[in-house]
Amino acid sequence: MNATAPGFAELVPPADPRTGWTLPDLGQMPVVTSLEPLVTRVLAPNPSGMTLDGTNTYLVGEPASGQAVLVDPGPDDPVHLDSVREALADRDARCVAILVTHHHRDHAEAALPWAAHFGTPVCASAPAVAGPRGRVLAPGERLRLAGTTIDVVPTPGHTADHLAFRIESGAVLAGDHVLGRGTSVVTHPEGDLEAYLDSLRRVHDLGPSALYPGHGPELTQNPIAVLDFYRAHREFREEQILALLSNRAQPVSALVEVIYAAVPRALWPAAEQSTRAALAKLEGQGRIHVAQDGAWLVG
Ligand SMILES: [Zn+2]
């Protein structure tokens, strides 16, 4: 046992800066919201524990261009498609491309069917998402679309193929890298906690004017503080794991039960993925090892 490390009960979670902000309560986001001249958000009707209020689909374009890019079409749902078509009509814009942050169905399911519907290509980092007539995006490339520019920001971690998009105003469309409420999941084995932390730093270094997440409300008040909180939250989870493993070998299920005791059980499978991702990082750093029967121990 490490005598200098604080015990599990003594660890203090970092404060979420958003608790002091005025954000809509869960389930209270409007279906269509104009966020700034370049961006309209359309909320998909797929709320759940994992998708929060539902998936945010964004229309991005210079208002006078008569064009818009669709970012994360979301579920292939006729009600959602109607909402998107109405929002396009309100902007007097036609859809010229579909961009996808990552391959999860709640973001990508409608990409190929709606690309056929609108007669536009799908742009994504994974060839399977972009499809045979789509375009595979390269990290760091600058797209010129709908009268504006969109920078492709690699943000692996939640998934391996995850991208964020920085628009000309300085706002960043964050996908599931950062959420409007709570924290994101680092999937396992596909995701990667080291990559996730690097991605947080990369978005932080952009100095975003706003974060427009894949789920939950827009974060405009102090986006940097949210990114700092996300980093601190991951460090806190690592400290919790190390404290629990400091004197007793435990399997991942036991860690999840204690660390996520206050979280609804329906979210524990996701919590277990984030925990496994943290264990993989700590193991890679030589700070923990598998002691016996899949149980982990410090050292
Ligand atoms: Zn999602």
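The following refers to the structure shown. (Residues numbered from 1 in each chain as written. Predicted model: local features only at pLDDT ≥ 70, side-chain atom pairs only at ≥ 80, totals over all residues. Heavy atoms only, no water.)

**Topic: the packing of helix H6 (residues 223–245) against helix H8 (residues 268–284)**
Next, step 1: Two numbers describe how H6 lies on H8: the axes approach to 10 Å, and their chain directions differ by 75 degrees. Classified by the angle their axes make, H6 and H8 are roughly perpendicular. Together, Arg234, Glu238, Ile241, Leu242 and Leu245 of H6 and Ser274, Thr275, Ala278, Leu279, Lys281 and Leu282 of H8 make up the contact between the two elements. (Axes fitted to C-alpha atoms, helices over the stretch in contact; angles between N-to-C directions. Helix = DSSP H or I, 4+ residues; strand = E, 2+ residues; numbered from the N terminus. Parallel < 35°, antiparallel > 145°, perpendicular 65-115°, else oblique. Contact = heavy atoms within 4.5 Å.)

**Here's the deal with empty space enclosed by the protein**
Next, step 1: Counting across every chain of the model gives one cavity of 30 Å³ or more.
Next, step 2: Roughly 70 Å³ of volume is contained in the largest cavity.
Next, step 3: Taken together, Val186, Leu193, Arg234, Arg237, Ile241, Ile259, Tyr260, Ser274, Thr275, Ala277 and Ala278 form the lining of the largest cavity.
Next, step 4: Elements that contribute at least two residues to the lining of the largest cavity include exactly H6 and H8. (1 Å grid on protein atoms, 1.4 Å probe; cavity = no way out; pocket = protein on both sides within 12 Å on 5 of 7 lines; lining within 4 Å. Points joined across faces, edges and corners; volume = space filled by probe spheres on them.)

**Some details on the sheet that holds strand S9 (residues 148–154)**
Next, step 1: Sheet architecture is open: five strands sit in the order S8-S9-S10-S11-S12, paired in mixed fashion. The strands lining the two open edges of the sheet, one partner per strand, are strand S8 (142–145) and strand S12 (211–213). Ignoring which end each strand starts from, the neighbouring axes of this sheet average 25 degrees apart.
Next, step 2: Pairing geometry for strand S11 (residues 172–175) and S12, over three bridges, is parallel. The partner of Gly175 across the bridge, within S12, is Pro213. (Pairing = 2+ DSSP bridges.)

**Side note on the packing of aromatic side chains**
Next, step 1: For the coordinates displayed, the defined rule picks out two aromatic pairs.
Next, step 2: Consider the rings of Tyr58 and Tyr212, whose centres lie 5.9 Å apart with planes at 25 degrees: the pair is stacked. Taken together, the positions of Tyr58 in strand S3 (residues 56–60) and Tyr212 in strand S12 put the pair 154 residues apart, joining distant regions of the chain.
Next, step 3: Judged by relative accessible area, which is 2%, Tyr58 ranks as buried.
Next, step 4: A residue is classified by how much of its surface remains accessible, and Tyr212, at 4% relative accessible area, is buried. (Phe/Tyr/Trp six-rings, centres within 6.5 Å; stacked < 30°, edge-to-face > 60°. Buried < 20%, exposed > 50% of the residue type's maximum accessible area, 1.4 Å probe, protein only.)

**What to know about the coordination of the zinc ion**
Next, step 1: The protein atoms donating to the zinc ion are Asp106 (OD), His107 (NE2), Asp176 (OD) and His215 (NE2), with metal-donor distances spanning 2.0 to 2.2 Å.
Next, step 2: Its four donor atoms give the zinc ion angles of 85 to 156 degrees at the centre, a pattern that matches the irregular case.
Next, step 3: Of note, the donors binding the zinc ion are all from one chain and are spaced D-H-x68-D-x38-H. Here His107 is found in helix H2 (residues 105–108), whereas its partner His215 is found in the loop between S12 and H6, with 108 residues between them in sequence.
Next, step 4: What makes His107 buried here is its relative accessible area of 0%. (Donors = N, O, S within 2.8 Å, 3.2 Å for Na, K, Ca; no water. Tetrahedral: all angles 85-135°; square planar, octahedral: opposite > 155°, others 65-115°.)

**Describing the pattern of salt bridges**
Once the charged atoms of two side chains with opposite charge are near each other, the side chains can pair.
Next, step 1: According to the stated counting rule, one finds ten salt bridges in the structure shown.
Next, step 2: Ionic pairing is found between Arg41 and Glu218, a salt bridge with its closest N-O pair at 2.6 Å. Of this pair, Arg41 sits in strand S2 (residues 39–43) while Glu218 sits in the loop between S12 and H6, and the two are 177 residues apart along the sequence.
Next, step 3: We classify Glu218 as partly exposed; its relative accessible area is 23%.
Next, step 4: Glu235 is the partner of Arg231 in a salt bridge, and the nearest nitrogen-oxygen pair spans 3.5 Å. Pair noted here: Arg231 and Glu235 are both in helix H6, with a separation of four residues, about one helical turn.
Next, step 5: A residue is classified by how much of its surface remains accessible, and Arg231, at 23% relative accessible area, is partly exposed.
Next, step 6: Since its relative accessible area comes to 38%, Glu235 is described here as partly exposed. (Salt bridge = Lys/Arg side-chain N within 4 Å of Asp/Glu carboxyl O.)

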